[in-house]
Amino acid sequence: MPTNFNLMDAGRYRSSLRSPLSDQMPLRKKPRRDLDRFIPNRSAMDFDFAHFMLTGGKVEKECAAQCSPSKCAYRKHLAEIFNINRSRILSFKDKDSPSKDVFQESFSPAQTPAKRRRHIPTSAEKTLDAPDLLDDFYLNLLDWGSGNFLAIALGNLVYLWNAMNGDASVLVAVEDDVGPVTSVRWAPDGRHLAVGFTNSHVQIWDSSTSKLVRTLKGHRLRVGSLDWNNSILTTGGMDCLIINNDLRIRSHGINVYEGHSQEVCGLKWSVSGKELASGGNDNLIHIWNMSMASTNSATQWRHRMEEHTSAVKALAWCPFQSNLLASGGGVGDQSIKFWNSNTGACLNSVNTGSQVCCLLWNRHEHELLSSHGFNDNQLILWKYPSMLKLSELYGHTKRVLYMTQSPDGYTVASGAPDETLRLWKVFGDPGKVKPAAKMTEPFPNVARIR
């Protein structure tokens, strides 16, 4: 992998005492526990069963004398099968430990435990220094590749941080007439990195050899957004153009999509690779169909969405519903909207109260994570489709402009102009995930006719 970079020799940073991507000591607050307060967990209460137990128990005892022993045993077996976890009329949970059910553990140890709520840490697991991280809403300067390397652009440099051992190295260093770097994006192979620059060029770097592989030209102004679709690299620029570049051929520019009237700041290919979503500073979202490019109609979008009232940078395709797209608006909009890419219809809109900078779906649960700007500079975890807030994560002191996800989908990295890079275990911990228990069939010993 890339060799380590000597910051003292380069002289690009203000002080060698604060090297990029070096650990910061986290400040941990002592949790406050109010042990004298209980919070009712109404979702675990079964009022119908409670009413039956209060009013129907006497009738059941009277009928028991009239039943045969075999019929009584059959009823008892049914009750054990279908009334699992229903012995509690009222349920309480500890304020600081919502996953611990005191009454369940004390009085019903033999019963199957209910699904417990995942613990979501509210503080960053790790904080790294990121000096000279640009404060520009329209850029995309952070990406986590499948090789478990985090790429971050700091001024005229692109650093790689090895998530396995914590080593940091420099892959790209350019002069002022080329930089600063305006976008980075890993190829699906986790080896090649696409880097966009202010001078409108895009470079492809091989991270294993630290060598420049290719330079792509076609834009007239800076390239602020990138995304891969297998061997095709799609680039979006301040010149309002979206270009598909096929790296397998010499004449790489195979298609140009024209539809935005201002800078293209968001690009996302769908999981299937058939649809491309683009967002721009003109408050528009376009859905482009890959098949349209082969019919000489690349300038015609499939859908054009105009409901946002500010720049659209945050775009995220749903991993469990292929035609669902989430988008976030800038400071003049502050909403998260959901779209059906087949019809172009807006399915839902949620006002977040602040600028939406980035969106990420949880690959393991039906959840959506958003990063925000003014005024709280926080991350918010939402439950989908109810869009209830599950947690708010604070730590950044400036707007969280950049966000990316680890290859396993559990850790999220966020970057902000406060010159910090923070890692959050917001989507769970793979070490604590247990396989789901197999469902036991009722009456396994009873013979069945197949």
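Residues numbered from 1 in each chain as written. Predicted model: local features only at pLDDT ≥ 70, side-chain atom pairs only at ≥ 80, totals over all residues. Heavy atoms only, no water.

Chemist: Please explain the overall build of the protein as it appears in this structure.
Modeler: Across its full length, the protein holds six helices and 31 strands. A buried classification covers 48% of the 450 residues belonging to the protein. Look at the contacts in the protein between residues 6 or more apart in sequence, and 49% of them connect residues 24 or more apart. Of the accessible surface of the protein, which amounts to about 23,500 Å², a share of 52% is contributed by carbon and sulfur atoms. (Helix = DSSP H or I, 4+ residues; strand = E, 2+ residues; numbered from the N terminus. Buried < 20%, exposed > 50% of the residue type's maximum accessible area, 1.4 Å probe, protein only. Contact = heavy atoms within 4.5 Å. Areas by Shrake-Rupley, 256 points an atom, 1.4 Å probe, with all protein chains shown as cover.)

Chemist: Help me out: how do you make sense of the confidence of the model for the protein in this one?
Modeler: Keep in mind that low pLDDT regions are not for reading the predicted coordinates in detail. A residue-level look at the protein finds 72% of positions with pLDDT of 70 or above and a mean pLDDT of 82. Ignoring residues within four places in sequence, the model shows residues 5-16, a span with pLDDT below 50, making 22 contacts including any to other chains. Ignoring residues within four places in sequence, the model shows residues 436-444, a span with pLDDT below 50, making seven contacts including any to other chains. (pLDDT = per-residue confidence, 0-100.)

Chemist: Honestly, the sheet that holds strand E20 (residues 303-305) in this entry has me stumped. Any pointers?
Modeler: Two orientations exist for strands paired in a sheet by backbone hydrogen bonds: parallel and antiparallel. The strand order E17-E18-E19-E20 describes an open sheet built from four strands, whose pairing is antiparallel. The outermost strands of the open sheet, each flanked by one partner alone, are strand E17 (264-269) and E20. Across this sheet, the average inter-strand angle for adjacent strands is 15°, counted without regard to direction. Alignment of strand E19 (residues 285-289) against E20, held across three bridges, turns out to be antiparallel. What sits directly across from isoleucine 285, in E20, is methionine 305. (Pairing = 2+ DSSP bridges. Axes fitted to C-alpha atoms, helices over the stretch in contact; angles between N-to-C directions.)

Chemist: Explanation requested: the side chain of glutamate 419 in the structure shown.
Modeler: Within the secondary structure layout, glutamate 419 lies in the loop between strand E30 (412-416) and strand E31 (420-424). Engagement of the side chain of glutamate 419 in a polar contact is seen with the backbone nitrogen of aspartate 132, the distance being 3.2 Å. (Polar contact = N/O pair within 3.5 Å; in protein donor to acceptor, adjacent residues only side chain to side chain.)

Chemist: Hey, could you run me through the packing of aromatic side chains in this one?
Modeler: To describe a pair of aromatic rings, one takes the distance between the centres and the angle between the planes. Applying the stated criterion to the full structure yields eight aromatic pairs. Ring geometry for tyrosine 257 versus tryptophan 288: centroids 4.7 Å apart, planes at 40°, classification tilted. A residue pair is termed long-range when its members are at least 10 positions apart, and tyrosine 257 in strand E16 (residues 253-258) and tryptophan 288 in strand E19 qualify at 31 residues. Tryptophan 288 matches tyrosine 257 in its accessibility class, with the two residues each being buried. Through pairs of rings, three or more aromatic residues link up here, namely Phe320, Phe338, Trp361 and Tyr384. Geometry around tryptophan 301 places arginine 304 over its ring, the cationic atom sitting 4.8 Å from the centre. The residue whose ring lies beneath lysine 313 is phenylalanine 137, and the NZ or CZ to ring-centre distance is 5.6 Å. (Phe/Tyr/Trp six-rings, centres within 6.5 Å; stacked < 30°, edge-to-face > 60°. Lys NZ or Arg CZ within 6 Å of the ring centre and 35° of its normal.)

Chemist: What should I look at first to understand the pairing of strand E26 (residues 367-372) in this one?
Modeler: The side chains of a regular strand alternate between both faces of the sheet. The buried fraction of E26 amounts to six of the six residues, a majority that puts the element mostly inside the structure. Of the two faces of E26, both are covered, the one formed by Glu367, Leu369 and Ser371 as well as the one formed by Leu368, Ser370 and His372. Pairing analysis gives five bridges linking strand E25 (residues 356-361) to E26, with the strands arranged antiparallel. Within E26, the residue paired with cysteine 358 across the bridge is serine 371. Relative to strand E27 (residues 379-383), E26 runs antiparallel, the two sharing five bridges. The residue bridging glutamate 367 from the neighbouring strand is lysine 383, located in E27. Here E26 hands over to E27 after six residues, with asparagine 377 in that stretch at a positive phi of 50°.

Chemist: Honestly, the sheet that holds strand E29 (residues 402-405) in this entry has me stumped. Any pointers?
Modeler: Ordered by their spatial adjacency, five strands build an open sheet running E1-E4-E31-E30-E29, and the pairing between neighbours is antiparallel. The open sheet is flanked by strand E1 (23-24) and E29, the only strands paired with a single partner. Two elements, E30 and E31, share five bridges in a ladder whose sense is antiparallel. Counterpart to glycine 415 in the pairing with E31 is leucine 421.

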